[in-house]
Amino acid sequence: MKYVMVLMFVIYWMVSSLAYATSFGRREVGNIVSINDRPAICLPDNAREGFAVGGFSLTESYRRNPPSWGASLLPAGEPLKLMPGACLVFGHLPEGYKLNDFKTNEALQVLAVNRTYVFSLSSADHPTDSYEAIFCVVQTATGTLEFLQYRRLADGSQVVPSC
């Protein structure tokens, strides 16, 4: 009986320690800004620390096999370290990264008006950590493009821009 109790305690301890060993990562919201008429994803100014970028992508949302643009860090590459407030611009390929070859969909060349996109950064240090921003594209009366970001509120609801 004594051994059964010890065995049960050991099994309980092993199972409970395994349950906390897995991390689902951290998913943060980035900010979308316009830099030279292109969307850019930025770390919030109040981010706790810098973010080593392992990969990034910009994909059209709400579409099956959407056009995409993205890149991954080369094996010998030095990750781009974004500090709070720093941005990565759509179309700019930092040194040490290789454009992804999406075989199932086409490469995203230009953004279309009245479409929604997801811009995301994944961590080089912790692959399950990421920054993400959802936005839509509108054209102003002067012909310039604006990038309107979806905003999540504290109560869990979301503000969806009119595009």
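Residues numbered from 1 in each chain as written. Predicted model: local features only at pLDDT ≥ 70, side-chain atom pairs only at ≥ 80, totals over all residues. Heavy atoms only, no water.

1. With respect to the overall build of the protein chain
(1) Moving on: If you tally the helices and strands in the protein chain, you get 1 helix and 13 strands.
(2) Moving on: Of the regular secondary structure in the protein chain, the N- to C-terminal order runs α-β-β-β-β-β-β-β-β-β-β-β-β-β.
(3) Moving on: Within the protein chain, the proportion of its 163 residues that are buried is 35%.
(4) Moving on: For the protein chain, restricting intrachain contacts to residue pairs at least 6 apart in sequence, the fraction spanning at least 24 positions comes to 61%.
(5) Moving on: Total accessible area on the protein chain is roughly 10800 Å²; 57% of this is exposed by carbon and sulfur atoms. (Helix = DSSP H or I, 4+ residues; strand = E, 2+ residues; numbered from the N terminus. Buried < 20%, exposed > 50% of the residue type's maximum accessible area, 1.4 Å probe, protein only. Contact = heavy atoms within 4.5 Å. Areas by Shrake-Rupley, 256 points an atom, 1.4 Å probe, with all protein chains shown as cover.)

2. Details of the sheet that holds strand 3 (residues 38-42)
(1) Moving on: With antiparallel pairing, 3 strands are arranged side by side in an open sheet as 2-3-7. Strands with a single pairing partner mark the edges of an open sheet, and in this sheet they are strand 2 (31-35) and strand 7 (87-89). Strand-to-strand, the axes of this sheet are offset by a mean angle of 35°, without reference to chain direction.
(2) Moving on: One ladder, built from 5 bridges, connects strand 2 with strand 3; its direction is antiparallel. The residue bridging Val33 from the neighbouring strand is Ala40, located in strand 3. (Pairing = 2+ DSSP bridges. Axes fitted to C-alpha atoms, helices over the stretch in contact; angles between N-to-C directions.)

3. Topic: the nonpolar core
(1) Moving on: Counting 24 residues, the largest nonpolar core has Phe56, Leu58, Leu111, Phe119, Leu121 and Phe135 as the members making the most contacts within it.
(2) Moving on: Those elements that provide at least two residues to this core are strand 4 (51-60), strand 5 (68-73), strand 9 (116-123) and strand 10 (130-139).
(3) Moving on: Apart from the residues within four sequence positions on either side, Leu121 is in contact with Ile41, Leu43, Phe51, Val53, Gly55, Phe56, Leu82, Leu88, Asp129, Ser130 and Tyr131. (Core = buried A, V, L, I, M, F, W, Y, C linked by side-chain atoms within 4.5 Å.)

4. So, the state of the cysteines
(1) Moving on: Under the counting rule described, the total for this entry stands at 2 disulfides.
(2) Moving on: What pairs with Cys42 in a disulfide is Cys87, and their sulfur atoms sit 1.9 Å apart. Taking the torsion about the S-S bond as the criterion, the Cys42 to Cys87 disulfide, at about 100°, is right-handed. Within this pair, whereas Cys42 is found in strand 3, its partner Cys87 is found in strand 7, the two being separated by 45 residues in sequence.
(3) Moving on: What makes Cys42 buried here is its relative accessible area of 5%.
(4) Moving on: For Cys87, a relative accessible area of 27% corresponds to the partly exposed category.
(5) Moving on: Sequential numbering of the bridged cysteines in the protein chain gives the disulfide pattern 1-2, 3-4. (Disulfide = S-S within 2.5 Å.)

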